[in-house]
Number of protein chains: 2
Amino acid sequence: MGIREVADMANVSVTTASRALNGTGRIAAGTRTRVKKVADELGYQPNEVARQLKEGMSSTLGVLVPDITNPFFPELVHGIQEVAEENGHVLLLAPTNGEPTGIAKALRQMHSRQVAGVVIVDDCLDDSALAKELDGLKYVALDRKLHLSQSTWVSSDHLGGAQMAAEHLIGLGHRRIVHIAGPQGIGVARERLAGFRQALELADIPLDDELVFYADFTEDAGYQAALGLLERDICFTAVFAVADLAAIGAMRAFDEHHLDVPKDISVVGFDDIHLASYVRPGLTTVKQQIAELGRVAAGLLLDSDPGTEGRSRTLPVEVVTRGTTARVRQSEVST
Amino acid sequence: MGIREVADMANVSVTTASRALNGTGRIAAGTRTRVKKVADELGYQPNEVARQLKEGMSSTLGVLVPDITNPFFPELVHGIQEVAEENGHVLLLAPTNGEPTGIAKALRQMHSRQVAGVVIVDDCLDDSALAKELDGLKYVALDRKLHLSQSTWVSSDHLGGAQMAAEHLIGLGHRRIVHIAGPQGIGVARERLAGFRQALELADIPLDDELVFYADFTEDAGYQAALGLLERDICFTAVFAVADLAAIGAMRAFDEHHLDVPKDISVVGFDDIHLASYVRPGLTTVKQQIAELGRVAAGLLLDSDPGTEGRSRTLPVEVVTRGTTARVRQSEVST
DNA sequence: TTGAAAGCGCTACCAC
DNA sequence: GTGGTAGCGCTTTCAA
């Protein structure tokens, strides 16, 4: 079932059939409708692979995420998908496992499949290494500010968000605030820590390194961090976690130790994945517009406007207050 | 950067270069290593698109899910991805939105991109309509038992799982058990309802249609269903929900009405998505091997063994007991 | 307005 | 062992 059959059936050459189907070039209106009708009857579907080979470019967007299982990413993919679909594009999904070799492998795939563009979420390669792998691909980096000429990224305002989160807690009277931080090799984790610190400084609260725990973005990491926290007799009344998942893990640990959230301890997360509103009490968190991040990234990739190279966007965030934060009690907890 | 350059650089024909790179046909060992070395130095990546056109088939697996945002699907995709990756395949992801037109559109994409196979999760087309769309594609239907010759599906034991869930509740002394059911147009929802009923019959508990609420697999549906339940003065001590998300939604409603789970009401879900172990108390549920479902499906697709057509598999499930189920109290609740 | 033919990058058939 | 060449299905010059 190729364009050949359609052409034969309509008594025209493949050239004419192609033109009729794509609406390119001069063609008699009658011929066009006739060919289209035939194509329709035959249920003709153009072979996208052949077209790609000819055009040197496919109507496919590559999506590279470390782990589709982390609820943040499906929401992101959903956003990308929306605008991709509007433009007749489809998504090529490759896992990077957050490892350099994974990235390289996935990127090679994208290359050899001639995707129209790639949105990449990663932070394990440094700028120049990443740039090298990305060579020749149109791309948008997500949640990572690449310091390269011609590079495009879209990111939330992580620093501002973290600052707002901490300020929310401070406004509630908290002074001893723990930060469950992400790996400092990761840009967004660093930014969130910086925002956190900035808020404390602004409020004249002395920084206490004992109060920052380095973990990662997972539930288990948050759980372990909270456990560690509880073991040492650290005095604190609130926790700001680098990610919702980590916050939820911490809450699990508190629950097991019969500490009430928010009565004994206030908790704030970051991301506002759907999950944040499912848990009880609902998690107070910094809302990223996750799907929008994806939409913007895909839009940048598909937008063929010239002079759009090197554009980047940072999206605003806001804290959404749910049930895990409360005014600090006068009688401190956990000593 | 084509095979041409490699061939020139190594002073061989493209034929020889191709053979060296693919390890097909007779070739001198020396030549092979030389070509490979050159390819390596040049960073040659075969153009997968051209190869696809030639071979009439791509090393790509299509994945059609209704909504990547539902946590069940990323886990599934993860499983598919694992075996796809092992075989050098990549995933083409298309959303169906659970609508016939979405399915048709996505399937057409898969067709024209010549995917090696498709795993499809859907239940809004009847068997023959689906068969028509699937025509010419190698496919595995997931969580849906297609009654077609030559069709392949993989599914969990939904009926058995639901029965076990109900029996778990019955074993705890519950008699007035509500089932938040899924849309009866959906096979797995029907099977789960059937399993539920079967358990009651076996235990000589009269079926009470007042106790089954039709909702769907979402959190909100579960929430609304539970609200409806609470409004009418229905007497019940336990809820079995068609999906974890629905169970969690119901728990949210109970929480808002100051009903304690599991003290006042026991709750059982279905799926065992990660989320089930994140919520407090942990959700007792029927565990599907979600990633394994994906692995098996992908395996069936990539397995080129002859005579494997029409094979299908159903995977076992088990109930995992966490914190949302308890022995019924003598003093009933909510009347 | 239409058609013949080249060629996208690759593999595989056939000849040497 | 190696190389010329056809051809996958399509789009697009260039002629007619």
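Asks: Help me understand the overall build of chain A in this model?
Replies: Per the secondary structure count, chain A includes 13 helices and 12 strands. Relative to its length of 335 residues, chain A is extended, with a C-alpha radius of gyration of 25 Å against a globular reference of 20 Å. For chain A, with 335 residues in total, the buried portion stands at 55%. A separation threshold of at least 6 residues defines the contact pool for chain A, and within that pool the share at least 24 residues apart is 69%. Put simply, chain A shows about 14,000 Å² of open surface, and 48% of that area lies on carbon and sulfur atoms. With 32 positive and 45 negative side-chain charges, chain A shows a separation of 9 Å between the mean positions of the two kinds.

Asks: What is the right way to read the sheet that holds strand β8 (residues 238–241) of chain B from this model?
Replies: Note on sheets: strands pair through backbone hydrogen bonds, and any given pair is parallel or antiparallel. All names here are of chain B. Strand order in the open sheet made by the six strands is β7-β6-β8-β9-β10-β12, with mixed pairing throughout. Across the chains shown, the open sheet's two edge strands, defined by having one partner strand only, are β7 (212–214) and β12 (318–320). Between one strand and the next, the sheet's axes are offset by a mean angle of 20°, whatever the strand orientation. Here β8 pairs with strand β9 (residues 266–271) via three bridges, running parallel. In the sheet register, V239 faces β9, and the bridge partner there is V267. Strands in contact with helix α9 (residues 187–202) are β6 (177–181), β7, β8 and β9; relative to β6, the strand with the most contacts, it is inclined by about 165°.

Asks: Which parts of the structure should I look at to understand the nonpolar core?
Replies: General note: in soluble globular proteins, nonpolar side chains tend to be found buried as a group. In terms of nonpolar packing, the biggest core is built from 123 residues, with A:F254 and B:F254 touching the most fellow members. Core analysis: the next-biggest nonpolar cluster, separate from the first, contains 38 residues, A:L134, B:V90, B:L107 and B:M110 among them.

Asks: Can you walk me through the pattern of salt bridges in this structure?
Replies: Where side chains of opposite charge bring their charged atoms close, a pairing between them can arise. Enumeration according to the criterion identifies 38 salt bridges over all chains in this entry. The shortest N-O distance in the salt bridge between A:R295 and A:E82 comes to 3.0 Å. Placement of A:R295 in helix α13 (residues 290–302) and of A:E82 in helix α5 (residues 72–86) is noted, with a sequence separation of 213 residues between them. Residue classification places A:R295 among the partly exposed positions, given a relative accessible area of 28%. A salt bridge links B:D123 to B:R144, with the nearest nitrogen and oxygen atoms 3.7 Å apart. Note that B:D123 is positioned in the loop between β3 (117–120) and α7 (127–134) and B:R144 in the loop between β4 (139–142) and β5 (153–156), a separation of 21 residues in sequence. Judged by relative accessible area, which is 7%, B:R144 ranks as buried. One network of salt bridges, in which partners are shared, links A:D122, A:D123, A:D127 and A:R144.

Asks: Sorry, what's going on with helix α4 (residues 48–55) of chain A here?
Replies: Those residues of α4(A) that sit buried are A:E48, A:V49 and A:Q52. Taken around the axis of α4(A), the buried residues stretch over an arc of 100°, which confines them to a single face. Each element contacted by the buried residues of α4(A) is listed here: β1 (60–65) of chain A together with α4 (48–55) and α6 (100–112) of chain B. Two or three places before A:V49, at the start of α4(A), stands the capping residue A:N47, its side-chain oxygen 2.8 Å from that residue's backbone nitrogen. One or two steps after α4(A), the chain reaches A:G56, where phi turns positive at roughly 70°.

Asks: Is there a simple way to think about the protein's contact with DNA strand D in this case?
Replies: Taken together, 24 residues sit near DNA strand D, with A:I3, A:Y44, A:K54, B:T15 and B:T16 positioned nearest. Counting only the atoms of DNA strand D within 4 Å of the protein, the fraction contributed by sugar and phosphate is 54%. Here a phosphate oxygen of DNA strand D and a backbone polar atom of B:S13 are 3.1 Å apart. Broken down by secondary-structure element, the contributors of at least two residues to the surface near DNA strand D are α2 (14–22) and α4 of chain A together with α2 (14–22) and α4 of chain B. Across the surface near DNA strand D, the residue classes tally to eight nonpolar, nine polar and seven charged.

Asks: Is there a simple way to think about the packing of helix α5 (residues 72–86) of chain B against helix α13 (residues 290–302) of chain B in this case?
Replies: The relative placement of two packed helices is expressed as an angle between their axes plus a distance between the axes. Residue and element names in this part refer to chain B. It is at 7 Å that the axes of α5 and α13 come closest, and there the two elements cross at 40°. One way to sum up the angle between α5 and α13 is to call them oblique. For the element pair α5 and α13, the recorded crossing hand is right-handed. Contact residues: F72, E75, L76, G79, I80, E82, V83 and A84 in α5; I290, A291, L293, G294, R295, A298, G299 and L302 in α13. Residue classes in the contact of α5 with α13 are distributed as 10 nonpolar, three polar and three charged.

Asks: Help me understand the packing of α6(B) against α7(B), please; the structure alone is not making it clear to me.
Replies: Residues and elements named next belong to chain B. Where α6 contacts α7, the two axes come as close as 9 Å, and the packing angle between them is 30°. Considering the angle they form, α6 stands roughly parallel to α7. Taken together, the residues of α7 that come into contact with α6 (itself represented by I103, A104, L107 and H111) are L130, E133 and L134.

Asks: How do you make sense of the relation of the copies chain B and chain A when you look at a structure like this?
Replies: Mapping between the two copies of the chain is achieved by a rotation about an axis and a shift along the axis. When chain B is fitted to chain A, the residual RMSD is 0.1 Å, and the transformation amounts to a turn of 180° plus an axial shift of 0.0 Å. The transformation relating the two chain copies, once decomposed into turn and shift, fits a two-fold axis. Across chain B, the smallest distance between a C-alpha and the rotation axis is recorded for B:L92, namely 2.4 Å. Looking at chain B, 100% of its interface residues are interface residues in chain A too, so the copies touch through the same face.

Asks: Sorry, what's going on with the protein's contact with DNA strand C here?
Replies: Close to DNA strand C lie 24 residues; A:T16, A:T31, B:I3, B:Y44 and B:K54 are nearest. For DNA strand C, the fraction of protein-proximal atoms (within 4 Å) that sit in sugar or phosphate groups is 55%. B:S18 is positioned such that a nitrogen or oxygen atom in its side chain is 3.0 Å from a phosphate oxygen of DNA strand C. Here a base nitrogen of DNA strand C and a backbone polar atom of B:A50 are 3.4 Å apart. Where the surface near DNA strand C is concerned, the elements lending two or more residues are α2 and α4 of chain A together with α2 and α4 of chain B. For the surface near DNA strand C, the class distribution of residues is eight nonpolar, nine polar and seven charged.

Asks: In this structure, what is going on with the domain arrangement of chain A? I would like to understand it.
Replies: A common way to report how large an interface is uses the accessible area buried once the components associate. Taken as a whole, chain A is organised into domain 1 (3–46), domain 2 (58–156 + 290–315) and domain 3 (158–289 + 319–332). Computed from C-alpha atoms alone, the centre-to-centre distance between domain 1 of chain A and domain 3 of chain A is 62 Å.

What counts as what
- Residues numbered from 1 in each chain as written.
- Chains lettered and ligands numbered in written order.
- Predicted model: local features only at pLDDT ≥ 70, side-chain atom pairs only at ≥ 80, totals over all residues.
- Heavy atoms only, no water.
- Helix = DSSP H or I, 4+ residues; strand = E, 2+ residues; numbered from the N terminus.
- Rg over C-alpha atoms; globule rule 2.2 N^0.38 Å.
- Buried < 20%, exposed > 50% of the residue type's maximum accessible area, 1.4 Å probe, protein only.
- Contact = heavy atoms within 4.5 Å.
- Areas by Shrake-Rupley, 256 points an atom, 1.4 Å probe, with all protein chains shown as cover.
- Lys, Arg positive; Asp, Glu negative; His and termini not counted.
- Charge placed at Lys NZ, Arg CZ, Asp CG, Glu CD.
- Pairing = 2+ DSSP bridges.
- Axes fitted to C-alpha atoms, helices over the stretch in contact; angles between N-to-C directions.
- Core = buried A, V, L, I, M, F, W, Y, C linked by side-chain atoms within 4.5 Å.
- Salt bridge = Lys/Arg side-chain N within 4 Å of Asp/Glu carboxyl O.
- Arc of directions from axis to C-beta.
- Polar contact = N/O pair within 3.5 Å; in protein donor to acceptor, adjacent residues only side chain to side chain.
- Near = heavy atom within 4 Å.
- Nonpolar A, V, L, I, M, F, W, Y, C, P; charged D, E, K, R; others polar.
- Parallel < 35°, antiparallel > 145°, perpendicular 65-115°, else oblique.
- Left-handed = near helix turned anticlockwise from the far one by under 90°.
- Least-squares fit on C-alpha atoms with pLDDT ≥ 70 in both.
- Domains from an automatic or database assignment.

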